[in-house]
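Architecture and fold: a report
Next come the chains, spelled out residue by residue.
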Amino acid sequence: MGFEIEMPKKEGGTSIYLSHHANMKKWYLGGREGAEIKLEYIQLDPVTLATGWGKYNSAEKSYTYIYDKVMGAMEENLSESDPDFKRAFSSYVMVHGYPEPVVWRRNSFGELKGWEQMLGTYWDKKNDAVQGQLPTFKYTGSEQHKDYPTSIPQFEFIAFKDRWEGYNIPQWYLSEIGSDAQPVGNVEIKQTVTTDDIPF
């Protein structure tokens, strides 16, 4: 697909975002005004995972995010003082077929549930990973929620794979989520075929 991802060239930049359109069950890079993509496989580095609160400011057309100090551990309910705040997540992921990582960060119910369920498919296996390998998933479609007018993206855990080429983790992203992890740069690992059902 001929969409060129323009990523930040220096610390403190902004990044392309991955988003899921719940009603249309489609994926976009750069928001709905960006490029529609066919999402097949995704890889994530656990050091980029964060949970917290997010809200959209319609006047400024921007989001505000406040992250939990410990992922998944809600210290206070910000929605009690500001109902615009909703539970949110953030991750810095690689989409197979695109040369650089993107931010997948949302405060929508459907995407949050899909993200949580994706993590649940590998969490009990995370100690089985060889050092340097990362969880890799296959997107299998989006299911309509039975009670709410939204859909939830579904993922299947495939395997722990070598870090894909170009999957660098910048300091600016880690600082945003309050992580003390070390950035990862200049990754030149080649993708290799080790499982028959994955085309890489």
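Data block above holds the structure.
Residues numbered from 1 in each chain as written. Predicted model: local features only at pLDDT ≥ 70, side-chain atom pairs only at ≥ 80, totals over all residues. Heavy atoms only, no water.

Topologically, Glu176 is positioned in helix H2 (residues 171–177). Along the backbone, Glu176 and Ala50 are 126 residues apart, and their C-alpha atoms lie at a distance of 9.9 Å. Residue contacts for Glu176: discarding those within four places in its chain leaves Tyr67 and Arg105. A distance of 2.7 Å separates polar atoms of two side chains, one belonging to Glu176 and the other to Arg105. (Helix = DSSP H or I, 4+ residues; strand = E, 2+ residues; numbered from the N terminus. Contact = heavy atoms within 4.5 Å. Polar contact = N/O pair within 3.5 Å; in protein donor to acceptor, adjacent residues only side chain to side chain.)

Under the criterion given, the structure shown has eight salt bridges. A salt bridge links Glu36 to Lys26; its shortest N-O distance comes to 3.9 Å. Residue Glu36 is found in strand E3 (residues 35–37), and its partner Lys26 is found in strand E2 (residues 26–29); the two are separated by ten residues along the sequence. What makes Glu36 partly exposed here is its relative accessible area of 39%. With its nearest N and O atoms 2.7 Å apart, the salt bridge here joins Asp82 to Lys55. (Salt bridge = Lys/Arg side-chain N within 4 Å of Asp/Glu carboxyl O. Buried < 20%, exposed > 50% of the residue type's maximum accessible area, 1.4 Å probe, protein only.)

A few words on helix H1 (residues 109–120). Between its first and last C-alpha, H1 extends 16 Å over twelve residues, near the 16 Å set by a 1.5 Å rise per residue. Every buried residue belonging to H1 is among Gly110, Glu111, Leu112, Gly114, Trp115, Met118 and Leu119, and all of these are buried. (Expected span 1.5 Å × (residues − 1).)

With respect to the helices and strands, the residue Thr150 is situated in the loop between strand E9 (133–144) and strand E10 (151–162). For Thr150, a relative accessible area of 11% translates into the label buried. Once you skip the residues sitting within four places of it in the chain, Thr150 turns out to touch Ala22, Phe109, Gly110, Glu143, Gln144 and His145.

Both faces of strand E1 (residues 18–21) are covered, namely the face carrying Leu18 and His20 and the face carrying Ser19 and His21. Across four bridges, E1 lies against E2 in antiparallel orientation. Bridge pairing in E2 places Ser19 opposite Tyr28. In this structure, the hairpin formed by E1 and E2 is closed by a connection of four residues, where Lys25 is found at a positive phi of approximately 55 degrees. (Pairing = 2+ DSSP bridges.)

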